[in-house]
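Structural overview for review
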Amino acid sequence: MAQEAHGAFYDLLAVRGVSRRDFLKYCSYVAATLGLAETAAPQIAAALEKGTKLKPALWLNGGSCTGCTESMAQVDSPDVATIVLELLSLNYFETIMAAAGEQAEKNIEDTIADGGYLLIYEGAVMMGEDGNTLLVNGEKGTDILQHAAEGADAILAVGACAVDGGWVYAHPNPAGAVGVQSFLDGVKVKTPVVNLPCCPTSPEWVVAMVVQWLLVADDDPALFLEKTALLAKEYHDNYRDADVSLLYPEYIVGSTIHDNCPRRGHFENGEFVTEFGSEEEAKGYCLYKVGCKGPQTYTQCPVTRWNRSVSWCVNSGAPCIGCGGLNWVDNNAPFFKRLSSMQMGGSLGNVQPGSVAAVVGGVAAAALVAHGLGMKAAGRIGDGPPMEEMKAYDRKHGAKKGGDK
Ligand code: SF4
Ligand code: SF4
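Here the structure is a predicted model, which is why all the values come from computation and not from measurement.

Moving on to the overall build of the chain. When helices and strands are tallied, the chain shows 19 helices and 11 strands. Looking at the chain as a whole, 45% of its 405 residues qualify as buried. For the chain, contacts bridging at least 24 residues in sequence account for 71% of all contacts bridging at least 6.

Structure, rendered in C-alpha cells:
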C-alpha cells in the first residue's frame, strides 16, 4: 500500500514535470523554513510521498485585497509547491473556488462538522459596527471566523492584515480592523494561530507551514505548534486596549531584512541613495536615506524572495516599507522618509515606535551616525553623500507615534 502511495506521488510529480531531485531540493528548503536541520529533508519527503490522502482545509477571507491569494497564484504550476497544496482539500476558498451560493456555504458547515481541518485566514477581522462592516451571505465575518476557528485544529493567519489588521488597521481604522489572534483572544477561542507576516505574505512560507501541518495532521494535530519553531512577539493593540502575544515561525522573523540585504556592503561603506533617479541609485547603493525600513523589519524577504525567488523589494530598487512589522502603516509612513525612531537589531519585543520613540529614536539615530562616523574614521566610507543629510526632516517632524497622525 505504501509502495502504491509512493508511486502515485511520483506519478503526480512526473506529470507536472518535476524531478525527484527538484522535489528533494524543495524539501530541504521547507526544512529550513520550518527551522529544522537540512537532514530533516528526507523525512519531509517521505511524509509527503505518503500524503496522497487529502487533508481538509478552509481558506476564509476577512477585510483583504486578496493580494495574498494572488501571491499564492504566482506559485505557478508545474511546481512542487502547487503539488503540496494539492495534498490539501481546500473545501472553501472564496476567491478561486468553483462552488457558489448554498453549496459553498454547505462546504464550510460540512468541513466544520467533520473536524480535523486547518483554517487559513487572509485579511483583517472587521469588528466595526458590531461586526457589520463585513457581511458574507448576510452573516457577520466575525461570527464566521469564530465558528470556523472553534472547530479547527490550527489556524494560519496569512499576511499582515490577518496578523494585526495590516493597513486596514491604520489610523483612524473606521472598520475596527484587528488581527486574528487579537480577535480570538477577545472571544476566548484557544485554537493555536501561527502568523505569517508581510503584505502580501510569501507563498513559500504558507506552503512550508502547510507541509508542517500535513506532517502532524495524521498523528496529533496538537504537535503543530510544538514542532514549529516559534518566536513570540508582543503586540500592543490600541483598538482593543489589550496586549496580544503573536506566534511566528522563527526562521521567518528571526533576523532583519538588513541582516541579509545584498546592499548591506554599501550601508557599511556609507554609500547611500538620497534621490531616486540619481547616479547613486543606478549604482545600487543603500536605500536607508530614502526610507528603507530594513534595519527594523524582521523577515526573511531577501532569502525567500518573491515570484519563484526571482526578486524582492530592495532588489528591485524600492526601499523596504516594513510591511512585515506590526502596525506597519502607522509606524512606517511616510515610506520614503527615514524615520528617527528606527531600531537596529536588539529584541523582537518592541516594534512600536510610538511608545519608545522619544527615547529610543534619538539613540538609534545617534547609533547610526556614530556607526557612520566610525566607518569614516576607519577609512571605510567612500565618496557617497553625507550620512545625515535628511536629519532636518526629523528635527521638523519629531518622532512619529504609531496610530497618532
Ligand atoms: S496582507 Fe496585503 S496582500 Fe494580503 S490581503 Fe492584506 S493587503 Fe492584501
Ligand atoms: S538600509 Fe535597507 S537597503 Fe540599506 S542595507 Fe539595510 S536593508 Fe539594505
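Turning next to the site of ligand 1. The environment of ligand 1 is formed by 13 residues, the closest being Gly67, Gly159, Cys161, Cys199 and Pro200. Elements represented by at least two residues in the shell around ligand 1 include exactly helix H4 (67–73) and helix H8 (160–164). Of the residues assigned to the shell around ligand 1, the class counts are 7 nonpolar, 5 polar and 1 charged.

Glancing now at the site of ligand 2. Close contacts around ligand 2 come from 14 residues, with Cys261, Cys286, Tyr288, Cys292 and Gly294 the closest. Elements that contribute at least two residues to the shell around ligand 2 include exactly helix H13 (257–260) and helix H14 (264–269). The residue makeup of the shell around ligand 2, split by class, is 10 nonpolar, 2 polar and 2 charged.

As summarised here, the arrangement of the 5 strands in space is S2-S1-S3-S7-S9, forming an open sheet in which the pairing is parallel. If you trace the sheet from one side to the other, it starts and ends with strand S2 (88–93) and strand S9 (193–196), each paired once. Strand-to-strand, the axes of this sheet are offset by a mean angle of 20 degrees, without reference to chain direction. Across the sheet, helix H6 (residues 101–114) touches strand S1 (55–61) and S2, and the angle it forms with S2 is around 130 degrees.

The next point concerns the nonpolar core. Core analysis: the biggest nonpolar cluster contains 101 residues, and Leu119, Tyr121, Ile155, Leu156, Ala157 and Val211 have the highest contact counts within it. With 11 residues, helix H10 (residues 203–217) is the largest single contributor of residues to this core. Both domain 1 (2–252) and domain 2 (257–397) contribute no fewer than three residues apiece to this core. Once you skip the residues sitting within four places of it in the chain, Val211 turns out to touch Val30, Ile44, Leu48 and Val84.

Among the residues of helix H7 (residues 141–151), those classed as buried are Gly141, Thr142, Ile144, Leu145, Ala148 and Ala149. All buried residues of H7 lie within an arc of 160 degrees about the axis, which places them on one face of the element.

What follows covers unusual backbone geometry. His171 connects to Pro172 through a cis peptide bond whose omega is 10 degrees. With respect to the helices, strands and loops of the structure, Pro172 is situated in the loop between H8 and strand S8 (177–178). The residue after Cys199, namely Pro200, is reached through a cis peptide bond having omega 0 degrees. For Pro200, the location among the structural elements is in the loop between S9 and H10. The phi dihedral of Asn173 falls on the positive side, at around 50 degrees, and the residue is not glycine. With respect to the helices, strands and loops of the structure, Asn173 is situated in the loop between H8 and S8. Judged by the 19 C-beta atoms lying within 10 Å of it, Asn173 falls in the partly exposed class. Even without being glycine, Asn327 reaches a positive phi, approximately 45 degrees. Here Asn327 shows up in the loop between helix H16 (301–304) and helix H17 (328–332). Take Asn327: there are 26 C-beta atoms within 10 Å of it, and that puts it in the buried class.

This paragraph deals with the environment of Lys190. Mapping Lys190 onto the fold places it in the loop between helix H9 (180–186) and S9. Overall, Lys190 belongs to the exposed group, with 9 C-beta atoms counted inside 10 Å. A C-alpha to C-alpha distance of 8.7 Å links Lys190 and Ala149, two positions 41 residues apart in sequence.

The rules behind these values
Position numbers for residues count from 1 along each chain, tracking the sequence in the order it is written. Whichever chain is written first becomes A and whichever ligand is written first becomes 1, with later ones labelled in order. Note on the predicted model: pLDDT of at least 70 is required for a residue's local features to be given, and 80 or more for side-chain atom pairs to be given and counted; whole-chain, interface and lining totals, by contrast, use all residues. Strands are runs of DSSP state E lasting at least 2 residues, helices are runs of H or I lasting at least 4, and numbering of each runs from the N terminus. To sort residues by exposure, count the other C-beta atoms lying within 10 Å of each residue's C-beta; 20 or more gives buried, 12 or fewer gives exposed, and values between give partly exposed, all with C-beta atoms placed from the backbone. Here the contact rule is simple: place C-beta atoms from the backbone, and any two residues whose C-beta atoms are within 7 Å are in contact. Near, for a residue, is defined by distance from a backbone-placed C-beta atom to a molecule or strand, with 6 Å as the limit that must not be exceeded. Each residue gets one of three labels, nonpolar for Ala, Val, Leu, Ile, Met, Phe, Trp, Tyr, Cys and Pro, charged for Asp, Glu, Lys and Arg, and polar for the others, Gly among them. One requirement defines pairing of two strands: DSSP has to find at least two bridges between them. Axis angles are defined between N-to-C directions and span 0 to 180 degrees, where every axis is a line fitted to C-alpha atoms and, for a helix, only to the segment in contact. In this usage, the nonpolar core is the set of buried Ala, Val, Leu, Ile, Met, Phe, Trp, Tyr and Cys residues whose C-beta atoms join them within 7 Å. Reported domain spans reflect what an automatic or database domain assignment gives. This arc is built from the directions going out from the helix axis to the C-beta atoms.

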